[in-house]
Amino acid sequence: MALLAVAAPRLGWNPVSDIDQLLRYHFMLNALRAGTIVAVAAGAIGWFMILRRQSFVGHTLATVGFPGASGAVWLGLPATWGYFGFCLAAAMVVGLLPRRALGAASSGLSEESAVIGTVQAMALGAGFLFTSLYHGFLSGTTGLLFGSFLGVTDAQVWTLLAVGLAALAVLVVIGRPLLFASVDPDVARARGVPVGALSFLFVLLLGAAAAEVSQITGTLLIFALLVMPAAAAQQLTTRTGRSLALTVLIAVAATWLGLAAAYFSAYPVGFYITTFGFAAYLLAASTRLVGGRPRRAGR
Amino acid sequence: MTVLGLAVADPFAGVAHMLGHPFEVRAVIAGSLIAAAAALVGWFVVLRSQVFTGDALSHVAFTGALAALAAGIDLRIGLFVGCVVFGLAMAVLGRNGRADDVVIGSVFAWVLGLGVLLLTVYTTGSGATDASAGINVLFGSIFGLSASQSTLAALIAVGVIVVMIAIARPLLFASLDPAVASARGVPVRVLGVVFLALVGVTAGEATQAVGSLLLLGLLSAPAGAAARLTDRPFVAMWVAVGLGVVSVWGGLAISYAASRVPPSFAIMAVATGIYLLAALAGPRPRPG
């Protein structure tokens, strides 16, 4: 403990020394690398997720990642495998469900929503069972749920990079037709765009993104990188390319600021990334209100 | 493991053995009443398509409870105040809150982030008496209820059930056809506000039993199963209550027999199992 106290980072007025402190340790470098990879992939995929109004699906997929990760830890496997395995499997199930089952029911007893609620609670409960069986240190559970930047291994960074690049590559290939299919599925279908296949592929991408983000912000706070940056960017501009670039920029900035703030203080990284993401959204929304930018067409 | 052996060899002796512990008796009584209240309220939550409200309440419950702890007051004050105020706020905002809504989702994610901050403030502060407070709020600690805590929880649950029975008929009418109901003089808006306040109270109760993350399951699993088994609303309501209570009994028995299985998981597992059985065995619900 004494050693830790001596080495404890101190935020000063000299930015060069601050950044030097930030990059001194390997674990922090790994955290920044992982955070950057995740922020770029999640920003881009989250942008499409908002456009397609599937944020609830993303939330559910992340919830399923929790028992995956805690189960993997219990069995002595890397948590990364559990995240990707469970999130991608759940994404496949969601992708194969009929599209109607995912829409909000208008009235009457909507059994689908009861099912989603049950699945979420069951997934979180199973995750809790695994952490109880593991009998590990107590902060492990909160780390999985609310994020932790300690102990990101080199192997985890490479896995995140590989999956992130693969997801982005797929997104680049299907981006244009996906945009078309998201904005106007009927016309897209009439023009011969494979809407069903695209939406299945996209849910898989969403599963990958949910698994990646969970490893930085934790299962419960994935909205911080998957929703907030895209929501902020879409407030500021209506042009596709600019809005996408802005989303990635905000996501990366929120991650870096969040990691740095968590490094220099005693408070958890999940709180900081959510707060910076939310602040970006509030700023963007108020800028639009003050600047009187034109509202998005069709709203 | 001897307990497990006893339970398998002679279930009655096993149950008697289990109820020989005061904390088990308290857990069974309080848990049953909480589950009954949650199932009754949950059936209407599902009927009124307000499951998203339950999801949001789990975030608010966590942050409210930890705010109270960080401020050094009773956890339950923050829990109930947070949940009821939030329920009333949702009632005022109307039914605009949709599951996909980006704004609402972002706000709740941030509220949860705030809860994590408060958790750290509490556990690293000087006043912390319970290092596992965060886990207990998230996943419940039904065996940790003291005598006075479980009595109060049981009384509040009875209160919720009584009010629900009193407003069940007009609330059902108002939920199924708000326009006709209000034309017939049913105070639809007042009922909606009262109902969401009750949902808030129930969320606070359920958080003590199974934790804020699993309360959604306690609300929706029995309701989903009941909807599979019958089409008649008043029958379904009581079927849901029965299934909820059975889930708690089964869950408590499992976690007593296998002590490493946390009770909140066991309760959720039984509730989910009942839903799956109902989905497989029950008749298909009418379309629409």
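Residues numbered from 1 in each chain as written. Chains lettered and ligands numbered in written order. Predicted model: local features only at pLDDT ≥ 70, side-chain atom pairs only at ≥ 80, totals over all residues. Heavy atoms only, no water.

Caption draft 1: Looking closely at the overall build of chain A. What chain A contains, in helices and strands, is 14 helices and zero strands. Helices (α) and strands (β) of chain A occur, in sequence order from the N terminus, as α-α-α-α-α-α-α-α-α-α-α-α-α-α. Buried residues in chain A amount to 53% of all 299 residues. Restricting to contacts in chain A with at least 6 residues of sequence separation, those with at least 24 account for 75%. Carbon together with sulfur atoms contributes 70% to the accessible area of chain A, which is approximately 13600 Å² in total. (Helix = DSSP H or I, 4+ residues; strand = E, 2+ residues; numbered from the N terminus. Buried < 20%, exposed > 50% of the residue type's maximum accessible area, 1.4 Å probe, protein only. Contact = heavy atoms within 4.5 Å. Areas by Shrake-Rupley, 256 points an atom, 1.4 Å probe, with all protein chains shown as cover.)

Caption draft 2: Just the overall build of chain B, in detail. Across its full length, chain B holds 13 helices and zero strands. Here chain B holds 288 residues, and the buried ones make up 55% of them. Sequence separation of at least 24 residues holds for 76% of the intrachain contacts in chain B that already meet a minimum separation of 6. Carbon and sulfur atoms provide 72% of the accessible area of chain B, an area that totals close to 11500 Å².

Caption draft 3: Up close: the environment of Gly105 of chain B. By the element assignment, Gly105 of chain B lies in helix α6 (residues 102-124). Separated by 53 residues in the primary sequence, Gly105 of chain B and Phe52 of chain B place their C-alpha atoms 9.9 Å from one another.

Caption draft 4: Local environment of the confidence of the model for chain A. Averaged over all residues, the pLDDT of chain A equals 84, while 89% of them reach at least 70. A low-confidence stretch, residues 101-108 of chain A stays under pLDDT 50, and its non-local contacts, those more than four residues away or across chains, total eleven contacts. (pLDDT = per-residue confidence, 0-100.)

Caption draft 5: View of the interface of chain B and chain A. Counting from both sides, the interface comprises 51 residues of chain B and, opposite them, 50 residues of chain A. Of the roughly 4400 Å² buried between chain B and chain A on both sides combined, carbon and sulfur atoms contribute 74%. In this assembly, chain B and chain A are joined by two residue pairs in polar contact (both at pLDDT 80 or more). No other element matches the 15 residues that α6 of chain B contributes to the side of chain B that touches chain A. When its residues are assigned to classes, the side of chain B that touches chain A shows 34 nonpolar, twelve polar and five charged. (Buried area = accessible area lost by both parts, 1.4 Å probe. Polar contact = N/O pair within 3.5 Å; in protein donor to acceptor, adjacent residues only side chain to side chain. Nonpolar A, V, L, I, M, F, W, Y, C, P; charged D, E, K, R; others polar.)

Caption draft 6: Spotlight on the nonpolar core. Among the nonpolar cores identified, the biggest contains 185 residues, and Leu145 and Phe146 of chain A together with Trp43, Phe44, Phe139 and Met164 of chain B are the most heavily contacted of them. In terms of residues, this core owes the most to one element, helix α3 (residues 22-47) of chain B, which gives 16 residues. Those residues in contact with Phe44 of chain B, other than ones at most four positions away along the chain, are Met164, Ala168, Leu171, Leu172, Ser175, Phe195 and Met237 of chain B. Among the nonpolar cores identified, the runner-up in size contains six residues, and Leu243, Val270, Tyr275 and Ala278 of chain B belong to it. (Core = buried A, V, L, I, M, F, W, Y, C linked by side-chain atoms within 4.5 Å.)

Caption draft 7: Focus on unusual backbone geometry. Even without glycine at this site, Arg53 of chain A takes up a positive phi of about 55°. Tracing the backbone shows Arg53 of chain A in the loop between α3 (26-51) and α4 (55-74). In this structure Arg53 of chain A comes out as partly exposed when scored by relative accessible area, which is 44%. Phi is positive for Ser49 of chain B, close to 55°, though the residue is something other than glycine. Position of Ser49 of chain B among the secondary structure elements: in the loop between α3 and α4 (51-71).

Caption draft 8: Quick look at the side chain of Ser214 of chain A. Tracing the sequence through the fold places Ser214 of chain A in helix α10 (residues 195-217). Setting aside its immediate chain neighbours within four residues, Ser214 of chain A contacts Ala62, Tyr83, Thr219 and Ile222 of chain A.

Caption draft 9: Spotlight on the packing of helix α11 (residues 215-229) of chain B against helix α13 (residues 263-281) of chain B. Residue and element names in this part refer to chain B. One way to put it is that α11 packs onto α13 with a least axis distance of 8 Å and a crossing angle of 20°. Taken as axis vectors, α11 and α13 run roughly parallel relative to one another. Pair α11 / α13 crosses with left-handed handedness. On α13, the residues touching Gly217, Leu218, Ala221, Gly224, Ala225, Arg228 and Leu229 of α11 are Ile267, Met268, Ala271, Ile274, Tyr275, Ala278 and Ala279. (Axes fitted to C-alpha atoms, helices over the stretch in contact; angles between N-to-C directions. Parallel < 35°, antiparallel > 145°, perpendicular 65-115°, else oblique. Left-handed = near helix turned anticlockwise from the far one by under 90°.)

Caption draft 10: Local environment of the pattern of salt bridges. Across all of its chains, the model carries two salt bridges over all chains by this definition. Between Arg189 of chain A and Asp186 of chain A there is a salt bridge whose closest N-O contact spans 3.6 Å. Taken together, the residues Arg189 of chain A and Asp186 of chain A, both in helix α9 (residues 185-190) and three residues apart, mark about one turn of the helix. With a closest N to O distance of 3.1 Å, Asp74 of chain B and Arg76 of chain B form a salt bridge. Residue Arg76 of chain B is classed as buried on the basis of its relative accessible area, which comes to 16%. (Salt bridge = Lys/Arg side-chain N within 4 Å of Asp/Glu carboxyl O.)

Caption draft 11: Quick look at the packing of helix α10 (residues 188-210) of chain B against α11 of chain B. Residue and element names in this part refer to chain B. Running from N to C, α10 and α11 cross one another at 110°; their axes reach a closest spacing of 8 Å. Here α10 is positioned roughly perpendicular relative to α11, judged by the angle of their axes. Listed contacts from α11 to Thr202, Ala203, Ala206, Thr207 and Val210 of α10 are Leu215, Leu218 and Leu219. Each residue belonging to the contact of α10 with α11 can be placed in one class, and the counts come to six nonpolar, two polar and no charged.

Caption draft 12: A look at empty space enclosed by the protein. For the structure shown, the criterion picks out two cavities of 30 Å³ or more. Counted as a void, the second largest cavity has a volume near 90 Å³. If you go around the second largest cavity, the residues you meet are His59, Thr63, Gly117, Gln120, Ala121, Leu124 and Leu220 of chain A together with Asp55, Ser58, His59, Leu213 and Leu216 of chain B. Of all elements in the fold, only α4 and α6 (111-134) of chain A together with α4 of chain B reach the threshold of two or more residues within the lining of the second largest cavity. Considering every element that reaches the lining of the second largest cavity, the biggest residue donor is α6 of chain A, with four residues. In the lining of the second largest cavity, the residues fall into five nonpolar, six polar and one charged. (1 Å grid on protein atoms, 1.4 Å probe; cavity = no way out; pocket = protein on both sides within 12 Å on 5 of 7 lines; lining within 4 Å. Points joined across faces, edges and corners; volume = space filled by probe spheres on them.)

Caption draft 13: Examining the packing of aromatic side chains more closely. Summed over all chains, the structure comprises 16 aromatic pairs over all chains. Among the aromatic residues, ring-to-ring pairing joins Tyr25, Phe27, Tyr263 and Phe264 of chain A into one connected group. (Phe/Tyr/Trp six-rings, centres within 6.5 Å; stacked < 30°, edge-to-face > 60°.)

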